[in-house]
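Residue-level structural notes
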Amino acid sequence: MAKQLKTTELDFDKIKDNIKTFFKRTDSPFKDLDFDGSGLNQILDILAYNTHYNAVNAHMSVNESFLDTAQIRSNVVSHAKLIGYVPQSRLASTASLNLRLDAGGQTAALSIPEGTSFTGKVDGVTYTFKTTSDSANVLPVNGEYVFNGVTVREGTSKTKRFVYNNLINQQFIIDDKDIDKTSLVVRVKENESALDSTARTYSLFAIGDDVQSTSEVYYIYENYEGFYQIEFGDDVLGKKPSPGAVIICEYVSTQGEAANDINVFSFGTYGGDFPIDDIKTIETASKSAFGAERNTIENIKFNAPISFISKNRAVTTNDYTALINERFGNIIQDILVFGGQDTTPPQYGKVFIAIKPKGDEDVLTDLQKSQITDFLKNKKIIAIDTEVVDPDITFVFFNLSVKFDKNKTGLSENQLASRAETAIVTFNNSFEEFNNDFRYSTFLKAVDETDVSVLNSLAQVFCYKKFNIAKDNTQVSNVNFRFNMFGDAGQTQSFISTTTWEFNSLRYELEDRPIANDTTKRRLKLIRITNSNERIATEFEAGFLYPATGLLEINPLPTDADSTIEITATPRSYNISSSENNILSLDLNKTNIQVTDKDIITSDNIIRAKAIAEQEDAAQVTDTSSTTITGGNSVSTVSAGSASSSSAASSTTTTTTTTTTTPTGGGYN
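Note that the structure is predicted; figures quoted are calculated from it, not measured. (Residues numbered from 1 in each chain as written. Predicted model: local features only at pLDDT ≥ 70, side-chain atom pairs only at ≥ 80, totals over all residues. Heavy atoms only, no water.)

1. Brief notes about the layout of surface pockets
- Considering only enclosed or pocket space, the second largest pocket measures out at about 1,200 Å³ in volume.
- In this structure, the second largest pocket is lined by 29 residues; those nearest its centre are Asp390, Pro391, Asp392, Asn478 and Asn581.
- For the lining of the second largest pocket, the secondary-structure elements that each account for two or more residues are strand S16 (385-389), strand S17 (392-404), strand S18 (454-469) and strand S19 (477-480).
- Within the lining of the second largest pocket, the residues separate by chemical class into 12 nonpolar, 9 polar and 8 charged. (1 Å grid on protein atoms, 1.4 Å probe; cavity = no way out; pocket = protein on both sides within 12 Å on 5 of 7 lines; lining within 4 Å. Points joined across faces, edges and corners; volume = space filled by probe spheres on them. Helix = DSSP H or I, 4+ residues; strand = E, 2+ residues; numbered from the N terminus. Nonpolar A, V, L, I, M, F, W, Y, C, P; charged D, E, K, R; others polar.)

Next comes the structure, spelled out in structure tokens:
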């Protein structure tokens, strides 16, 4: 029996058992007592509770002493403060608008004043947005004032005033947890009787600033109540306001992420006097975005150490990643930062930032890109240029066949197919990131584990990219699959297939043809689709395809309007690598899943008879070298590697998209 009382337990029942064991030891004067009786049992409970409380309190006290184990927000914030991290506040959602105003006979220059309001709705709730500054002056054109790229921000403008009384460590608390601290402007005027226009604007202190005794800076922290508090220097690290000075804090109180994703705006009121009665049209250039909630405890624990390493400056790629995630993490699914020296060809002196946004959008808006670039201006090395680039997404889809044992399950083939779909979605959610390679065996393993009845699976892998055909483009555009395509450079069958677009009310698509005695590249040809679905090869030179690298050099293409097509190709290897700003994304909508209890012999079994028939039909192309592309755009025939010339069409037609044949073949290595 124990002669010493164990004091290391945290569980109440174990503590009580330890006390009981201690009293029942062989040399104890209480060894013959019944400790399960009502009286002694109550005493043991009290002893156990007291020990338990002390142990838990001691355990919590130690945990709260460290950033990564603390659970109370005020303690987490305090630890973060020691390494120079201030938790992010709510962030106001912003949008970009294009405005047209009826000049009403006026000819003078005009600007949209700061404070002009607009409203938008999300889920039936109305949110108010206001311009953040006066727009540039514009002159009327054809009786209209046109303002493009007017930035508006959601929220209510508020002002708080404090009087500086020279107390030691005097703090000024902004008791509003809806504040967007990035909008905070702190001004100081000498006394109450001074005009607000005479107040001097103080700047927020940032790590790395050269702060002198006369520097007009302020410091901001989050206090134990969760409010932000303002502090000033002591005439050593920053100028100290004089006694009686008035501190003016102007900021925006916002609803955060609730106001994101607004596409339709209505006019509210102009800020100040304005000679125009109403806005004629409002076009949303960039929908509302970047609204975010304040940092949670988990956000602070994650961001604070990374922020400490970056020191609020962008030097290494990790610094860029940390700073951007801290400020814009609410819209970012994944981010990749790489130097220009790693691109092909190298672009020295540049840093590229590729961002895959959250949600259904594949790319950031122009407003979002400019906000990120502006945010980095005072943090990056002066000689380095930063560019936010779109992720280069390669979409992957499958013809998937799953064999199962019907004696091991009560599920139907449709139910098993549904489980396979869920497995693909789950696989993609953890897979859709930069520098994440696709492994064929790993993918099939995920499918095989959907149910105990699944015996094996087999898939054909296809890839496609989206390509934007711009009406006014005059430059050669590159589409890079970044893999060796399945096939031989001299084959007659096209390596690629595309969806169609319209020009002069006719449908066109691309395909590639071999070049005599050339084993490295193939010629891209423009194919016209007739109303009877006859495919006619024109003599328009659309560019080149390099099958070994997956690169397409596409000349400017004739089109009635800006449109997007899909270019599909088959990789030679089903293990697909990702590099630079490339992201691989699985497309379930294009994936065909076939569940069977029969043997899967070859990949050809996966393709439906309809798909084979479509491919055979598509292979019938009439080669008419005399066919040229003419019409409203006056597009001339282009020689290999050159761009076509075009003039603006007099009318615009709607882009038509037609699904094309899925290619076959490929390898499983």
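There is more to say, and it comes next.
2. Considerations on unusual backbone geometry
- In this model, Asn517 sits at a positive phi of 65°, which is unusual for a non-glycine residue.
- In this structure, Asn517 sits in the loop between strand S22 (506-514) and strand S23 (522-529).
- Since its relative accessible area comes to 84%, Asn517 is described here as exposed.
- Even without a glycine there, the phi angle at Asn533 is positive, about 65°.
- Structurally, the position occupied by Asn533 is in the loop between S23 and strand S24 (535-546). (Buried < 20%, exposed > 50% of the residue type's maximum accessible area, 1.4 Å probe, protein only.)

3. Some words on the sheet that holds S16
- An order of S14-S15-S16 is seen for the 3 strands of this open sheet, with the pairing classed as mixed. Only two strands of the sheet have a single neighbouring strand rather than two, namely strand S14 (332-339) and S16. Strand-to-strand twist across the sheet, computed as the mean angle between neighbouring axes with direction ignored, equals 20°.
- Here strand S15 (residues 350-357) runs beside S16; their pairing, made up of 5 bridges, is parallel. Along S16, the bridge assignment pairs Ala354 with Val389.
- Its contacts with the sheet put helix H5 (residues 317-328) on S14, S15 and S16, and the angle it makes with S14 is roughly 155°.
- Its contacts with the sheet place helix H6 (residues 366-376) against S15 and S16, and it is angled at close to 155° to S16. (Pairing = 2+ DSSP bridges. Axes fitted to C-alpha atoms, helices over the stretch in contact; angles between N-to-C directions. Contact = heavy atoms within 4.5 Å.)

4. Observations regarding empty space enclosed by the protein
- The tally for this structure, following the rule as stated, stands at 2 cavities of 30 Å³ or more.
- There is about 30 Å³ of room inside the second largest cavity.
- Contributing to the lining of the second largest cavity are Val77, Lys81, Tyr85, Val86, Pro87, Tyr221 and Glu222.
- Sorting the residues of the lining of the second largest cavity by element identifies helix H3 (73-82) and strand S9 (217-222) as the ones contributing at least two each.
- Split into classes, the residues belonging to the lining of the second largest cavity amount to 5 nonpolar, no polar and 2 charged.

Purely geometric stuff here, so don't read any function into it on its own.
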